[in-house]
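An overview of the molecular structure
These are the residues of each chain, in order.
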Amino acid sequence: MSRPLVATYRLQFREGTTFATAEGLAPYLADLGVSHLYASPIFSASPGSTHGYDVTDYNAFEADLGGADGFTAMSDALSSRDLGLILDFVPNHMGVSPKNDWWEDVLRWGADSRHAQIFDISWEAGKILVPVLGRPYGEALEAGDLSVIFDEENRQLRFDAAGYGLPIDPRTYGHVFSLIDHPERDRLVRRFAVASPSETEELWAGFDEHLADESFTAPFRAAVTTINADRQLLHDLHEAQAWRLAWWRTARERLTYRRFFEIADLIGVRQELRRVFARSHETILRLARERRLDGIRIDHVDGLADPKGYLDQLKAAFLSVRRSPSVHVEKILTGDERLRQSWEIEGTTGYEFITALSGLYVDASREEAMTQAYRDFLGEDEDLRAMIRVQKRTIFQHNLAGELAYLTNEAMAVAEKGLSTRDLGRDTIRRSIVEVAAALPVYRTYVSVEGVPRRDVAIIDDAVDLACTSREVEADEPIRFIGRLVKLDFESGPEIAGALNFTRRLQQTTGAVMAKAVEDTVFYRYNRLIALNEVGGEPDHYGADTEAFHEAMRIRCEDQPEGLLASTTHDTKRSEDARARLYTISEAPERWSALVEDFAARLAPFRKEIEPGLSSPDPAIEWGFYQSLLGVLPADFDPRDGAAAKAIGERLQTFMEKAVREAKRWTSWTSPSEPYETALRDFVAAALDAEASGDFLQTFWTTAQPFVAAGALNSLSQTAIKLAAPGVPDIYQGTEFYDFSLVDPDNRRTVDFAALADIAAGKADWPKLLSDWRSGRIKARLTVAGLALRGRAPALFTHGAYLPLACEGPLAEHVVAFARTDEDGRAAIVVAPRLSLALLDGAEDIAIAPERWAGTALILPEELAGLDFVDALTGAALKGAAGRLDLSEVLATLPVAMMASGLR
């Protein structure tokens, strides 16, 4: 890497943010103190894409962002400020769009296309299913939704399905030519019937000559009209293609290609093939060679057939151009799972850091009280783990039914080869696959042709044992057979080959099962404390002591000292400051419960009965709504500002609609319940409208102030920790100030960068910033100061040692502290508050008087006891007396401290 990793700044391109935007931001980013711009996908994507993950050309910059010239200008601007560039790259899938030339060619020529092997298509399953019709095929045909059109620009025939265009195989043009009364008719029919992808230029050149002849053009167009007027002729032409149009609901069961999760518009790419890898990485490698690429973020690495093989190939490719960009992967680690060291990368994108942080701010001692409050409001118990198992089964059997059918076929093919397994039936095999996947505690395992990693053996065995206890399958033998498949536990070559095929696809699928069942279903159903319902999080891991956090940081030092430290991303369920505020509820569950009861009574007139036993919102959603409302309101919110309340209400309406559809309990994306959703929208609108609900919003905001202040203190605490923890801080656009965003699309709103431009101007006046804490400027100045400290010694904060610091005294439980040291004698210490609601003791201000800390001190280890420290924030000089640092001195000015020794 040509530039050391100090910190990254994530920028979401599209929706008005272009290369020119980033070019103009270069001075600001340099002043902020980051080292790298971390760009969302910037290559050509499907028309209208708001995110870029539906890439259509790996080797073309998105024209709407500024194209190649715009990228170069941005790159030059970044370099002029000594800023590096990290690109978000999407190797696992592409967008199925007419804009994707590779996909178009495959649709046109089928298995004969020179691009046929790029995509993960099951050619043996028959035609490529294109599930875009708004109704079943026969109904669409009869209703006139389908037609043949002549593409004037490209001079070719296309099939049109209510605006969705598809190429027509030249070898089937005879269906049209045969209707023409022209001397060249028979020759054209024969010529096109034997056409091949290798002679397209010659073929179309000859066709253009005929189109220039009016004696041919007129009957040709008439023939097209004839086909469109005759349903049977139109159907015959359709049936002659390599693809087949289908009702959109067909996708979940009969799709003939691997897709990203359950999105049929995103087709899997076979990066395991060297030719595919080479073609899709041409521009990435060129940018690295030209020193315009300093790092790469690999999207959804778990979707790849062989993640380690891909990363090895990527590393070799970069070495071939004599460059070594940093590599980070979007990998969600769950429980005690650790990053695979054999991957030899810098690290993950940092979701596990969010999980580690949450443990510091959630009061584990009050879990039962919060559970009881939630239970009382719902009127029933909820078992999170049982809910997850049920939803994993449902997602696999329903939403991913096509993937399950494919896996069942693969498993059956192996089972039929063994005398001890040939009696296993299809339904038994199918249910056994579901049970093993439902019992898997991680997103995927990493079995490959190289063998079964040791840690995966234990994961698979435990999952099989758990699946056997569920009794969803009557016998253990079929479940254990699935375990043998995944562990490649066979002796004969054909069985091993079959097991490999099965395992490769299963491993690509279990991540989708986990994500759709947990992140996109359960996390919108189980609303006890929604701050814990975060990507990679586990809502029943309710708080932890400081030692658990220190252990997580020690693991980071070992596994990924240059991994990203995320607190907000484009995929988080809510922003870091919203979570920081919501954590505080955990400290006062009885108080929150009483408030919710009052809120619910005030809004009772707006709760609507949909059917006997079901109201909208239902209790679980309503409990979650009040938390979402608490999390989304800006710290300087004025409930008398009707326009602001209305704007927030509209954002909440969008969020709540998504939440209930993702929950899939009373409504869903594929089967929306209009009565339930309308009632919910009206409920949210009333809550934010003083004319409807009177003083509800004013009361809500007034009574919430202790949580708001404590949340702001948590925000400063987690910011300070993030800036010094092992790894590389990743700052999501705009979160250098407070950000109270909800899940996407809310968290992808355009940032007003002009308003942030003076972030680093002048010397920080900390007392003034403290008194003005609601503006968020104190968080921004803390970020600038912390990044400046990191910039003075980047390696100290990545590869330096991590030392937990003990604290003693009356407020010891409210402090987390650690030191970073290196062999050059440099050291940094961070002190941050935790459990802030109790610490502030109901105050609505975040300034803490020094005497509040009296008697509480850090205990310094011997290697730190004699050092002189300077607080990088306030400039105060500090030195431990007798191996102690009194917090009344350390935190005399600010509630957080970032001290340094030996840094110049």
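Here, the structure is the one placed above.
A short tour of the structure in this document, coming up. (Residues numbered from 1 in each chain as written. Predicted model: local features only at pLDDT ≥ 70, side-chain atom pairs only at ≥ 80, totals over all residues. Heavy atoms only, no water.)

**Digging into the overall build of the chain**
Of regular secondary structure, the chain possesses 36 helices and 29 strands. With the C-alpha coordinates aligned to their principal axes, the bounding extent of the chain is approximately 100 × 65 × 65 Å. Every one of the 904 residues in the chain was classed for burial, and the buried ones make up 60%. Sequence-distant contacts, at least 24 apart, represent 75% of the contacts inside the chain between residues at least 6 apart. Summed over its atoms, the accessible surface of the chain is roughly 33600 Å², and 49% of this surface lies on carbon and sulfur atoms. With 99 positive and 139 negative side-chain charges, the chain shows a separation of 3 Å between the mean positions of the two kinds. (Helix = DSSP H or I, 4+ residues; strand = E, 2+ residues; numbered from the N terminus. Buried < 20%, exposed > 50% of the residue type's maximum accessible area, 1.4 Å probe, protein only. Contact = heavy atoms within 4.5 Å. Areas by Shrake-Rupley, 256 points an atom, 1.4 Å probe, with all protein chains shown as cover. Lys, Arg positive; Asp, Glu negative; His and termini not counted. Charge placed at Lys NZ, Arg CZ, Asp CG, Glu CD.)

**A look at the side chain of E104**
Assignment of secondary structure puts E104 in helix α3 (residues 101-109). The residues contacting E104, other than those within four sequence positions of it, are S97, P98, R158, G165 and P167.

**Regarding the sheet that holds strand β12 (residues 259-260)**
Consider a sheet: its strands pair through backbone hydrogen bonds, and that pairing is either parallel or antiparallel. With antiparallel pairing, the three strands of this open sheet are ordered in space as β6-β13-β12. One side of each edge strand has no neighbouring strand; the edge strands of this open sheet are β6 (93-95) and β12. Pairing between β12 and strand β13 (residues 263-268): two bridges, direction antiparallel. Across the sheet, residue F260 finds its bridge partner in β13, namely I263. (Pairing = 2+ DSSP bridges.)

**Focus on the environment of L285**
Relative to the helices and strands, L285 is located in helix α12 (residues 282-289). Aside from chain neighbours lying at most four places away, what touches L285 is A317, F318 and V321.

**Some points on the nonpolar core**
Formed by 296 residues in total, the largest nonpolar core has its most connected members in F549, I829 and V831. When residues of this core are assigned to their parent elements, the largest contribution, 11 residues, is made by helix α30 (residues 705-724). Not counting the four nearest positions on each side in its chain, I829 is found in contact with L805, F818, A819, L858, L860, L864, F869, L885, A897, M898 and M899. Among the nonpolar cores identified, the runner-up in size contains five residues, and L5, Y38, L564 and V728 belong to it. (Core = buried A, V, L, I, M, F, W, Y, C linked by side-chain atoms within 4.5 Å.)

**Brief notes about the environment of E611**
Tracing the sequence through the fold places E611 in strand β18 (residues 608-611). Relative accessible area serves as the criterion here: at 42%, E611 is assigned to the partly exposed category. Spatially, the C-alpha atom of E611 lies 35 Å from that of H541, the residues being 70 residues apart in sequence.

**Quick word on the pattern of salt bridges**
Counted under the stated rule, the structure contains 77 salt bridges. Put simply, R259 and E403 hold a salt bridge, and the shortest N to O gap is 2.9 Å. Remark: E403 occurs in helix α17 (residues 401-415) and R259 occurs in strand β12; sequence separation between them is 144 residues. Note on E403: relative accessible area 11%, which makes it buried. One continuous salt-bridge network, built from bridges that share partners, spans R10, D88, R297, D299 and E330. (Salt bridge = Lys/Arg side-chain N within 4 Å of Asp/Glu carboxyl O.)

**Digging into the packing of helix α18 (residues 426-439) against helix α19 (residues 454-470)**
Between two packed helices, the angle of one axis relative to the other and the distance separating the axes together describe the packing. Remark: α18 packs on α19, axes separated minimally by 8 Å, with the N-to-C direction vectors making an angle of 120°. On the basis of their axis angle, the class for α18 and α19 is oblique. The chirality of how α18 crosses α19 is right-handed. Contacts from E435, V436 and A439 of α18 reach α19 at A463, V464, L466, A467 and S470. (Axes fitted to C-alpha atoms, helices over the stretch in contact; angles between N-to-C directions. Parallel < 35°, antiparallel > 145°, perpendicular 65-115°, else oblique. Left-handed = near helix turned anticlockwise from the far one by under 90°.)

**Structural notes on the pairing of β18**
In terms of strand pairing, β18 meets strand β19 (residues 614-616) through three bridges, oriented antiparallel. By the bridge assignment, K608 is partnered in β19 with S616. A loop of two residues connects β18 with β19, the two strands running antiparallel in sequence, and G613 in this loop sits at a positive phi of about 90°.

**Quick notes on the packing of aromatic side chains**
Evaluation of the coordinates by the stated rule reveals 46 aromatic pairs. With a centroid separation of 5.5 Å and an interplanar angle of 50°, the aromatic rings of F377 and W623 are classed as tilted. Here the residue F377 occupies a position in helix α15 (residues 367-378), and W623 occupies one in helix α25 (residues 619-632), the gap between them amounting to 246 residues. For F377, a relative accessible area of 13% puts it in the buried group. Since its relative accessible area comes to 0%, W623 is described here as buried. (Phe/Tyr/Trp six-rings, centres within 6.5 Å; stacked < 30°, edge-to-face > 60°.)

**Quick word on the pairing of strand β24 (residues 827-833)**
In terms of burial, β24 is a largely internal element, seven of the seven residues being buried. Taking every second residue as pointing to the same face, both faces of β24 are buried, with A827, I829, V831 and P833 on one and A828, V830 and A832 on the other. Alignment of strand β23 (residues 815-821) against β24, held across seven bridges, turns out to be antiparallel. Residue pairing in the sheet places V816 in a bridge with A832 of β24.

**Things to note about the sheet that holds strand β2 (residues 36-39)**
If you trace the eight strands from one edge of the open sheet to the other, you get β16-β15-β14-β5-β2-β1-β20-β17, paired in parallel fashion. Lying at the two open borders of the sheet, with one neighbouring strand each, are β16 (347-348) and β17 (564-565). The pairing of β17 with strand β20 (residues 728-732) spans two bridges and is classified as parallel. Across the sheet, L564 pairs through a bridge with V728, a residue of β20. Across the sheet, helix α2 (residues 67-80) touches β2 and β5 (84-89), and the angle it forms with β5 is around 135°.

**Side note on the packing of helix α23 (residues 576-583) against α30**
Put simply, α23 and α30 touch, their axes get as near as 7 Å, and they point 125° apart. Considered as vectors, α23 and α30 are oriented oblique to each other. Seen from above, α23 lies across α30 with right-handed handedness. Along the contact surface, α23 presents E576, D577, A580, R581 and Y583, while α30 presents F707, V708, G711, N714, S715, Q718 and K722.

**Describing the environment of L633**
One can find L633 in the loop between α25 and α26 (642-663). Spatially, the C-alpha atoms of L633 and A686 are 16 Å apart, while their sequence positions differ by 53 residues. Not counting the four nearest positions on each side in its chain, L633 is found in contact with R581, I648, F700, W701 and F740.

**Some points on α18**
Between the first and last C-alpha of α18 there are 20 Å, a value that for 14 residues agrees with the 20 Å anticipated at 1.5 Å per step. Here α18 lies mainly inside the structure; 10 of its 14 residues are buried. Within α18, burial applies to I429, R431, S432, I433, V434, E435, V436, A437, A438 and A439. (Expected span 1.5 Å × (residues − 1).)

**A look at α19**
Taking 1.5 Å of rise per residue, the 17 residues of α19 would be expected to cover 24 Å, and the 25 Å separating its terminal C-alpha atoms lies within 8% of that figure. Remark: R471 follows α19 within two positions and exhibits a positive phi of approximately 60°.

**Some remarks on unusual backbone geometry**
Between S616 and P617 the backbone carries a cis peptide bond, its omega angle lying at 0°. Following the sequence through the fold, P617 ends up in the loop between β19 and α25. With an omega of 10°, the peptide bond running from D744 to P745 counts as cis. You can see P745 is positioned in the loop between β20 and α31 (766-771). At L835, a residue that is not glycine, the phi angle is positive and equals roughly 50°.

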